[in-house]
Amino acid sequence: KDFSLSSEKDAHASSGDENSERGNWSSKGDYLLSMVGYAVGLGNVWRFPYLTYQNGGGAFLIPYTLMLALAGLPLFFMECSLGQFASLGPISVWRILPLFQGVGITMVIISTFVTIYYNVIIAYALYYLFASFQKVLPWSDCFSWADEFCSKTRLVSDCNTTLDGEIIHANYSFISSKNLTCINGTMNYKPVQFPSEQYWNKVTLQRSSGLDETGHIVWYLALCLLLSWMIVGAALFKGIKSSGKVVYFTALFPYVILLILLVRGATLEGALDGIEYYIGRQSNITKLMEAEVWKDAATQIFYSLSVAWGGLVALSSYNKFHNNCYSDAILVCVTNCVTSIFAGFAIFSILGHMAFVSERPVSEVVDSGFDLAFVAYPEALSKLPVSPLWSFLFFFMLLLLGLDSQFATIETLTTTIQDIYPKVMKKLRIPVTLGVCILLFFLGLICVTQAGIYWVNLIDHFCAGWGILIAAVLEIIGIVYIYGGNRFIEDIEMMIGKKSRLFWLWWRMCWFFITPVLLMAILVWSLVTFSTPTYGSVLYPAWGTAVGWCMIIFCVIWIPVIAILKIVKAEGNLCQRIVSCCRPAANWGPYLECHRGERYSHVVDPKKEKGHEIPTVSGFVY
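Keep in mind that what you see is a predicted model, and the values were worked out from it rather than measured.

Caption draft 1: Up close: the overall build of the chain. Of regular secondary structure, the chain possesses 24 helices and 7 strands. Compactness check: the chain gives a C-alpha radius of gyration of 27 Å against a globular reference of 25 Å for 622 residues, within 12% of the reference. If you line up the chain on its principal axes, its C-alpha atoms span 100 × 50 × 45 Å. In the chain, which comprises 622 residues, the proportion classed as buried is 59%. Nonlocal contacts in the chain, meaning residues at least 24 apart in sequence, comprise 81% of its contacts between residues at least 6 apart. Summing over all exposed atoms, the chain offers an accessible surface of approximately 24500 Å²; the carbon and sulfur share of this is 64%.

Caption draft 2: Highlighting the packing of aromatic side chains. Scanning the model with the defined rule gives 63 aromatic pairs in all. An angle of 75° between the planes, with centres 5.9 Å apart, marks the rings of tyrosine 128 and tyrosine 199 as edge-to-face. Remark: tyrosine 199 occurs in helix 7 (residues 195-204) and tyrosine 128 occurs in helix 5 (residues 101-131); sequence separation between them is 71 residues. We note that tyrosine 128, like tyrosine 199, is buried. For the ring pair tryptophan 139 and phenylalanine 395, a centre distance of 6.2 Å and an interplane angle of 80° mean the geometry is edge-to-face. A residue pair is termed long-range when its members are at least 10 positions apart, and tryptophan 139 in the loop between helix 5 and strand 1 (156-163) and phenylalanine 395 in helix 16 (residues 387-420) qualify at 256 residues. Judged on exposure class, the residue tryptophan 139 and its partner phenylalanine 395 are both buried. The ring of phenylalanine 503 carries the charged tip of lysine 499 above its face, separated from the ring centre by 5.6 Å.

Caption draft 3: Summary view of the pattern of salt bridges. According to the stated counting rule, one finds 13 salt bridges in the structure shown. Two residues, aspartate 328 and lysine 28, come together in a salt bridge whose shortest N-O distance is 3.2 Å. Residue aspartate 328 is located in helix 14 (residues 325-357), and its partner lysine 28 is located in helix 1 (residues 28-39); the two are separated by 300 residues in the primary sequence. Relative accessible area serves as the criterion here: at 3%, aspartate 328 is assigned to the buried category.

Caption draft 4: Local environment of the UniProt feature "binding site: Na(+) 1" (unreviewed entry) in the chain. UniProt's entry tags Gly37, Ala39, Val40, Ser304, Asn336, Leu401, Asp404 and Ser405 with the feature "binding site: Na(+) 1" (unreviewed entry), counted in the numbering of this structure. Taken along the chain, the residues just named run across 369 residues; in space they keep tight, none of their C-alpha pairs more than 13.8 Å apart. Note that glycine 37 resides in helix 1. Classification of glycine 37 by relative accessible area gives buried; the value is 2%. Those residues within four positions of glycine 37 in sequence are excluded, and the remaining contacts are Ala251, Leu401, Asp404 and Ser405.

Caption draft 5: Quick look at the sheet that holds strand 2 (residues 166-171). The sheet built from 3 strands is open, its strands ordered 2-1-3 with antiparallel pairing. The two strands at the open ends of the sheet, each matched to only one other strand, are strand 2 and strand 3 (188-189).

Caption draft 6: Spotlight on the state of the cysteines. Summed over the entire model, instances satisfying the criterion amount to 2 disulfides. Linked covalently through their sulfurs, cysteine 142 and cysteine 150 form a disulfide whose S-S length is 2.0 Å. Judged by the sign of its S-S torsion, about -85°, the cystine formed by cysteine 142 and cysteine 150 is left-handed. A relative accessible area of 27% places cysteine 142 in the partly exposed class. The residue that forms a disulfide with cysteine 159 is cysteine 182, at a sulfur-sulfur distance of 1.9 Å. Here the S-S torsion is close to -70°, and the disulfide linking cysteine 159 with cysteine 182 is therefore left-handed. In this pair, cysteine 159 sits in strand 1 while cysteine 182 sits in the loop between helix 6 (172-177) and strand 3, placing the two residues 23 residues apart along the sequence. A relative accessible area of 0% places cysteine 159 in the buried class. Its relative accessible area of 17% is what places cysteine 182 among the buried residues.

Caption draft 7: Region of the structure containing a nonpolar patch on the surface. On the surface, Phe130, Phe133, Trp219, Leu223, Leu226, Leu227 and Met230 cluster together into a nonpolar patch covering about 750 Å² of accessible area. Looking at which element gives the most residues to the nonpolar patch, the answer is helix 8 (residues 219-235), with 5 residues. Mapped onto the fold, phenylalanine 133 is located in the loop between helix 5 and strand 1. Since its relative accessible area comes to 58%, phenylalanine 133 is described here as exposed.

Caption draft 8: Spotlight on unusual backbone geometry. For asparagine 179, which is not glycine, the phi torsion reads 55° and is therefore positive. Along the polypeptide, asparagine 179 turns up in the loop between helix 6 and strand 3. Phi is positive for valine 386, which is not a glycine, with a value near 55°. Among the secondary structure elements, valine 386 is positioned in the loop between helix 15 (369-381) and helix 16. The exposure class of valine 386 is exposed, given its relative accessible area of 56%.

Rules behind the numbers
Along each chain, the written sequence defines residue order, and numbers are assigned to residues from 1. It should be noted that, the model being predicted, local features are given only for residues of pLDDT at least 70 and side-chain atom pairs only at 80 or more, the latter also being counted only at that level, while totals for whole chains, interfaces and linings use all residues. Here the side-chain values reflect all heavy atoms present in the structure, with hydrogen atoms and water set aside. Secondary structure elements follow DSSP: runs of H or I no shorter than four residues count as helices, runs of E no shorter than two count as strands, and numbering proceeds from the N terminus. Our radius of gyration is a C-alpha quantity, and the globule rule it is checked against amounts to 2.2 Å times the number of residues to the power 0.38. Residue burial is assigned from relative accessible area. The probe radius is 1.4 Å, only protein chains are included, and a residue is buried under 20% of its type maximum, exposed over 50%, and partly exposed in between. What makes two residues a contact is simply this: any of their non-hydrogen atoms within 4.5 Å. Here the open area of atoms and residues is found with the Shrake-Rupley method and a 1.4 Å probe, where only the protein chains shown may cover a residue. In this scheme Phe, Tyr and Trp rings, the latter by its six-membered ring, pair at centre separations within 6.5 Å, and the angle between planes marks the pair as stacked below 30 degrees, edge-to-face above 60, and tilted otherwise. Whether a charge lies above a ring is judged from NZ of Lys or CZ of Arg, which has to be within 6 Å of the ring centre and within 35 degrees of the ring normal. We count a salt bridge whenever a side-chain nitrogen from Lys or Arg sits within 4 Å of a carboxyl oxygen from Asp or Glu. UniProt positions are given in the numbering used here, feature names are shortened, and annotations may be inferred rather than shown by experiment. Any two strands between which DSSP finds at least two bridges are classified as paired. Whenever a pair of cysteine sulfur atoms sits within 2.5 Å, that pair is classed as a disulfide. Put simply, a patch holds well-exposed residues, over 30% relative accessible area, that have no salt bridge, with like charges counted together within 9 Å and Val, Leu, Ile, Met, Phe, Trp or Tyr side chains within 5 Å.

Next comes the structure, spelled out in structure tokens:
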């Protein structure tokens, strides 16, 4: 007996599932690979290696590992345990603390914003993937689309030279005409752009001058965006039953490609220089004295593990009740971090070769984010023999890394809908999933206009920033200090068995003190150092920044709004209302009656007693 609304089974469920209403993962492997795919994303490839290089090389691994243990893993374990215990998504799980249900709504809304632009990045990868099916890569040289500033090599504008025994400063054209040579170290270079940079801006994006100039929809990017949403929809048409099988390929094959790229990169001239810049001779232990390094380590761990997005709760909610979520959390977190380090070797070995070929220092070819994925690395790959093959492999890897993260995010949204409208999802899971994908595709069209990259950057700057930090801080404070950390530990022990006080000592230290303090420090730092968004040298107009603020306010406003609504609907004086909203809801506990035991034998199910659904606030089940 459970919180069922009817005897019909959801598309998630099969005859062998423990939870016949919501369904369970077909196997442990489906769940673990889905979690690895969700956690391991584009940031592992295009952000972590650059941060390591920038923050002292190998020395950066010390704060990175510490932040994993102190901030990343405790939050990851908490969210996995929370979802598995209640078998509910990121909004409904706040039956644990009704006053904070707005935190769950904030997580889901931010995930919605992020999934809109994340699929646009996948569309970019698809475009480059298709562009790689040519004998000569279109960004390997300055072709018809290029302007006068395009050049494969650096062009000298002027320098010092010796003429008739005197040192003079002259234009390079004069020096060349006189068959003179420049004195080493005196050359100034023209502001040129490499072919890959101009191809990215002029061909791929058809980038306009700024957010004010929207321009037209870039039709081939729109088609790639449509294809990416079709792939996502096809993988999720049966929910976790279908996506759990797809991730065996999308989560594992990127490791094969990374290994191939690493082996190829390691055999190239200059590869050692790149790797030394990444983690070798540039390793600077004194960097650990800088607060910025520790902030970067904590921020990277926080975002790369995907905590506080709602996805970990949603994916874990389909586990069997007695699954060992403790070992799962450690395995996924360690895999995520090892992947980041491993990816750095693959990236920097080939960037080192590019620096060698172009006769530039490695520091000039290293970049992060879009510039690494769509400018620097494609430029490096274009210099290799059989370059279309390596380009195809790289962008196929980016595609897979993006897709399995996207699968989990969309599953978060559909899980939320399932918890709110279970009857609808039982009968219409496929149409609802496809409807979500179609709606998000249309919302994403603004991001494939000529000003699209500015919108992508704007959403990322605001929504994927401190909004998530606010949700994480309130999540851990609410569960540990209001619901009760020790009480939550007892809930976990109902799933994984009784553990010793020594076992829980570390987790208590982190949950009660270390992790909240670290998260608060990162949040305050993020607010203090917050700057208006820019894309390269392009400044955003005032209205663009205002739109960004409106987006993040729309995301977090639900936290106080839902809290106020809960208090208004409660009974008693103000103090009594607040206290009642800080207690778990009457139907909080394990989803299935057979798992409730004595601790939750009192749990009532209003749906069975009254014959209708649980009362909701603004349509959200609590």
